[in-house]
Amino acid sequence: MDHSGPNHTPAAALGRTRSHAGSGHTLRLAVFSAKPYDRQFLNSARQSHDTTLSNLKITYHNFALSQSTVSLARGCEAVCVFVNDHLDASLLQSLHDYGVRAILLRCAGYDNIDLAAAEGLGFFVANCAYSPESVAEFALALIQTLNRKTHRAYLRVREGNFNLDGLLGRTLCGKTAGIVGIGRIGLALSRILVGFGCRVIAYDPYGENPSFLNYGAYVGSLDSLLSQSDIVSLHCPLTPQTRHIINDHTLQRVKPTAMLVNTSRGGLIDTHAVVSALKDHRLGGLALDVYEGEESLFYVDHSGDIIEDDELARLRVLPNVLLCGHQAWFTEESLEQISECTLGNLEDYLTGRNCKFSLVHREKTVAATPQDAGQVAASGAGNGMH
Ligand SMILES: NC(=O)c1ccc[n+]([C@@H]2O[C@H](COP(=O)([O-])OP(=O)(O)OC[C@H]3O[C@@H](n4cnc5c(N)ncnc54)[C@H](O)[C@@H]3O)[C@@H](O)[C@H]2O)c1
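Since the structure is predicted, the reported quantities are computational estimates derived from the model, not experimental observations. (Residues numbered from 1 in each chain as written. Predicted model: local features only at pLDDT ≥ 70, side-chain atom pairs only at ≥ 80, totals over all residues.)

Chemist: How should the overall build of the protein chain be read in this particular structure?
Modeler: For the protein chain, the count of helices and strands is 13 helices and 12 strands. Taking all 386 residues of the protein chain together, 41% fall into the buried category. A fraction of 72% describes how many contacts in the protein chain between residues 6 or more apart in sequence connect residues 24 or more apart. (Helix = DSSP H or I, 4+ residues; strand = E, 2+ residues; numbered from the N terminus. Buried ≥ 20, exposed ≤ 12 C-beta atoms within 10 Å, placed from the backbone. Contact = placed C-beta atoms within 7 Å.)

Chemist: Can you walk me through the site of the ligand in this structure?
Modeler: Surveying the vicinity of the ligand reveals 29 residues, the closest of which are Gly109, Gly181, Gly183, Cys236 and Pro237. Ranked by the residues each element gives to the shell around the ligand, the list is headed by helix H7 (residues 184–195), at 3 residues. Of the residues contributing to the shell around the ligand, the split by class is 15 nonpolar, 10 polar and 4 charged. (Near = placed C-beta within 6 Å. Nonpolar A, V, L, I, M, F, W, Y, C, P; charged D, E, K, R; others polar.)

Chemist: What's the story with the confidence of the model for the protein chain in this structure? I'm lost.
Modeler: Interpretation of this model should avoid reading the predicted coordinates in detail wherever pLDDT is low. When pLDDT is averaged along the protein chain, the result is 90; 88% of the residues meet or exceed 70. This model gives residues 367–386 a pLDDT under 50, and the stretch forms 47 contacts once residues within four places in sequence are excluded. (pLDDT = per-residue confidence, 0-100.)

Chemist: Which parts of the structure should I look at to understand the sheet that holds strand E3 (residues 78–81)?
Modeler: Hydrogen bonds between backbone groups are what pair the strands of a sheet, and the pairing can be parallel or antiparallel. Read across the sheet, 5 strands follow the order E2-E1-E3-E4-E5 without closing on themselves; strand pairing throughout is parallel. This sheet does not close on itself; its edge strands, each paired only once, are strand E2 (56–60) and strand E5 (124–126). Neighbour to neighbour, the strand axes of the sheet diverge by 20° on average, direction disregarded. When strand E4 (residues 102–105) meets E5, the two strands line up parallel, connected through 3 bridges. Each bridged residue has a counterpart across the sheet, and for Leu104 the counterpart in E5 is Ala126. (Pairing = 2+ DSSP bridges. Axes fitted to C-alpha atoms, helices over the stretch in contact; angles between N-to-C directions.)

Chemist: Would you mind going over the sheet that holds strand E10 (residues 259–262) with me for this structure?
Modeler: With parallel pairing, 7 strands are arranged side by side in an open sheet as E8-E7-E6-E9-E10-E11-E12. The sheet is open, and its two edges are formed by strand E8 (216–218) and strand E12 (321–323), each paired on a single side. Adjacent strand axes in the sheet meet at a mean angle of 15° when their direction is disregarded. Pairing geometry for E10 and strand E11 (residues 285–288), over 4 bridges, is parallel. Following the sheet pairing, Leu260 is matched in E11 by Leu286. Sheet strands in contact with helix H5 (residues 132–148) are strand E9 (231–234), E10, E11 and E12, and its direction is about 150° off that of E10.

Chemist: What exactly am I supposed to notice about helix H12 (residues 332–351) here?
Modeler: Over its 20 residues, H12 runs 29 Å from end to end, which matches the ideal 28 Å to within 8%, given 1.5 Å per residue. H12 sits mainly inside the fold: 14 of its 20 residues count as buried. Note on H12: the residue one or two positions beyond its end, Gly352, has a positive phi of about 80°. (Expected span 1.5 Å × (residues − 1).)

Chemist: What am I meant to see in the pairing of strand E6 (residues 176–180) here?
Modeler: It is a general feature of regular strands that their side chains alternate between the two faces of the sheet. In terms of residue burial, E6 counts as a mostly covered element, since 4 of its 5 residues are buried. Where E6 and strand E7 (residues 199–203) come together, 5 bridges link them in parallel fashion. Bridge pairing links Val180 to Tyr203 in E7. Regarding the hand of the β-α-β motif, the stretch spanning E6, H7 and E7 is right-handed. (Right-handed = clockwise from strand over helix to strand, strands pointing away.)

Chemist: For this particular structure, what's the right way to read the pairing of E4?
Modeler: What you see with E4 is no split at all: Ala102 and Leu104 on one side and Ile103 and Leu105 on the other are buried throughout. As for the winding sense of the linkage, the β-α-β connection from E3 through helix H3 (residues 89–97) to E4 is right-handed. You can see the chain leave E4, run along helix H4 (residues 115–120) and come back into E5, and the turn it takes is right-handed.

Below is the structure:
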């Protein structure tokens, strides 16, 4: 079926879905980088969208969307992608050529898509919101694991070694925690850290969130935050402005005993600089859920492979470094919310309804009109993230 014709609008697609249910029109969604849990939760969420998405056919691909796999999106109205599917201008052009018109990110971050190019091609693009606590609680788990060395204690006790040498930690109560970026996750982590008795400070150049003032105080610069903090936790998005926000220069401000935690995006940290700081004892510890070079590694079993990334190899063996494979989001609740939000976004696109999670200006997308949709609320700005 050719979806690229001039009369193609999302609402028209919905109209066919609703009123031509028996006509054989199928609305196709291709889900890339799909794991068994994605299938399970999307299939289950789908049941609550049965009326509106009755003719939806979901195809799951367990590999990433890339130039070599994009042809599998041919004939699909929409694709659904995850954090390491990299949608640059050329891939977007291919998707467009194959007739795809909507891109559903089943994640919060959107640094993996060239939004300007997507908007230029008229794509609908939306991300997902889900429990910020899932990520904030994981950041706390990393902080306390690295601090109290429970990962090493667990291994020792399994071997019958009850010696405490090398397991000395520090009490969190009374320490200063610096949060870089007070959005949903930064705010949730602030609340948790206050519960531990920490003094919480934050840096966010894009304005103050009044709710944060219940938990801590803003400082005026990243340097000021870094020089005061015993724990530094990164929660800003990856953008051209924040790429390598932790680098040789900013690491000079960090206390040599401080712990750096990154559950946001790997590109926020210059890995080479942070490895040097750890080797020179200029940084006390590092906990990463995300990594600059994760795209070619994470979410796949490489235990039988030789991993060629030397900086990752160095990080994996340092005793004051804790690495995880981008799992902070990975809770049952988040999967439920992501799946529900993804299908909700698809419905918004199809009906022309205002989409809270739209990342593109509505008027530039191949938009449905309310008349087409036969219902629907006013259109307008999406989630304000353009
Ligand atoms: N590891 C995971 O599983 C996981 C899961 C969800 C989200 N994330 C990452 O976490 C990030 C934050 O998520 P969120 O929902 O809290 O986002 P959000 O948009 O609610 O908040 C981001 C905050 O960062 C601030 N910010 C932007 N540039 C900044 C800068 N230069 N310095 C300091 N602050 C800056 C923004 O003003 C905003 O307040 C996402 O962008 C995503 O990359 C990771």
